[in-house]
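Inside the fold
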Amino acid sequence: MIENLFFMNGYGLYVWSAFSFTLLSFLTLFLIIKIQYNKEKNKFIAKFGSLDTERAAFAKSQSINKEILSNISNI
Amino acid sequence: MFKYFEPSKIFSITSKAPKYVLFLFIVILSIGLTEALILSPEDYKQSHSVRIMYVHVPAAWISLGIFSAITFLSIVGYIFKIRNFFLIAKSLAPSGLVFNIIALVTGSIWGKPTWGTWWAWDARITSMLILVLFYIMYLIAWRIFEDNDKVFKVTSVITILGIINVPIIKYSVDWWNTLHQPASINILSKSSIHISMLFPLLTMTAAFALFSLLIFLMKYNTELIKIKNKGLDRL
C-alpha cells in the first residue's frame, strides 16, 4: 500500500514532482506576500510613531488609519 | 449599504478574513490531497499519471479566471474611474501568475510519461505560455509607471490585448489538431469524467480558489497600507 503510494507503477516521480512543485509554489508566494505585508505594516507603524502629537491626532482621526493600527492581522 | 465600501470598513473585513481563509484552505486542501493521491482510482490508459490532472487543471482554470477578472476590473475601473478596481486587479495578479506557471510546469511533467516529451509547441501549451507573458507584462507595468493615470491606462491595454488570448486557449483544442486532449468537463453538456475523479478535481479547485483568495486579501491589505504610508508622508 505505502510502496504503491510512493512508486505508483513507475509514475511516482512525475506525480510527486507535480504536487511538490505546486505546494512549494504556494509556500513561496505566501511567504513573499507576507514579507511585503510585514514590511509595509512596520513602515506604517514607524511613520505613525514619528509623527508629532498634533499630526498623530489628525492621522488617527482618519478611520482607515485607526483600523490599520487596531486590526493589523497576524497572518 | 454604501458604508461597507468605505476603505476603513473594507480594511476591517479584509484584515480579519485571511486567518479564517487560511484555516479553510488547509482543511479543504488536506481533503483534496487525500482524494487526489490516495482515494481516487488510477486511469485505465494513463495509470497513476492521471493524478497530475488534480493540480494541473484547477491551476489552469484559476489562472484563466483571474486574468478574465483582472480584465473586467481594469476596463470597468478605467471607464468609471474606480481606483479601487485597479487595486483589486493588481492584488489578484500574483496568484494568477503563479497558477499559470503551475499549470505549465505540471502539464510539462505530465507530458513526459504521456507524450514522451517535456514540451511541445502545441496550440494549447503555447497560448498558455503567452498568457504568462501577459501576466508578467501586467505586473512589470505596475512597477515601472509611478503615475496613476498612466499605469491604469497601460495595464488596461495589456489586459485587453491579453484577453484575446483567453478564448484561443479555451478553444485551441477544438480549432487545431493538438497534442493536448479536449476538455473532459463541460458545463453545458454531459461531462466524460467519472464522479470518482470529478470529486477530487472539484475539491482541489475549491482549495486553489481559497488560496488565491488568501493571497488576494493579503496583497490587497498590503496595497491599502502602502497608500496610507504615502498619506502619512504628506502630513
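Here, every reference points to the structure presented above.
To keep things clear, this report deals only with the structure shown in the data block. (Residues numbered from 1 in each chain as written. Chains lettered and ligands numbered in written order. Predicted model: local features only at pLDDT ≥ 70, side-chain atom pairs only at ≥ 80, totals over all residues. Heavy atoms only, no water.)

What about the packing of aromatic side chains?
This is how the line gets drawn: Ring pairs are drawn from Phe, Tyr and Trp, using the six-membered ring of Trp, whenever the two centres fall within 6.5 Å, and their geometry is named by plane angle: stacked under 30 degrees, edge-to-face over 60, tilted for the rest. Counting from the N terminus, the helices are DSSP H or I runs at least four residues long and the strands are E runs at least two residues long. Accessibility here uses a 1.4 Å probe with only protein chains present; expressed as a share of the type maximum, an area under 20% marks a residue as buried, one over 50% as exposed, and anything in between as partly exposed.
Tallying each qualifying case throughout the model produces 17 aromatic pairs over all chains. Ring centres 6.0 Å apart and planes at 55° place the aromatic pair F26 of chain A and F25 of chain B in the tilted group. Here the residue F26 of chain A occupies a position in helix α2 (residues 12–50), and F25 of chain B occupies one in helix α2 (residues 17–39), the pair thus bridging two chains. A residue is classified by how much of its surface remains accessible, and F26 of chain A, at 4% relative accessible area, is buried. Relative accessible area serves as the criterion here: at 7%, F25 of chain B is assigned to the buried category. The interplanar angle of 85° and the centroid separation of 6.3 Å between the aromatic rings of F99 of chain B and F211 of chain B together place this pair among those described as edge-to-face. Taken together, the residues F99 of chain B in helix α4 (residues 83–115) and F211 of chain B in helix α8 (residues 195–233) connect sequence positions 112 residues apart. Members of the aromatic cluster, each reached through a chain of ring pairs, are F26 of chain A together with F25, F99, F208 and F211 of chain B.

Observations regarding the pattern of salt bridges
Which entries qualify depends on this criterion: When a carboxyl oxygen of Asp or Glu lies within 4 Å of a side-chain nitrogen of Lys or Arg, that pair is called a salt bridge.
In this structure the tally under the stated criterion is four salt bridges over all chains. Among the ionic pairs, K43 of chain A bridges to E40 of chain A, the shortest N-O distance being 3.6 Å. One end of the pair, K43 of chain A, and the other, E40 of chain A, are both in helix α2, three residues apart, so they sit about a helical turn from each other. The shortest N-O distance in the salt bridge between K226 of chain B and E223 of chain B comes to 3.6 Å. In this pair, K226 of chain B and E223 of chain B both sit in helix α8, three residues apart, roughly one turn of the helix. Take E223 of chain B: its relative accessible area is 3%, and that puts it in the buried class. Members of the salt-bridge network, linked through shared partners, are K90, K219, E223 and K226 of chain B.

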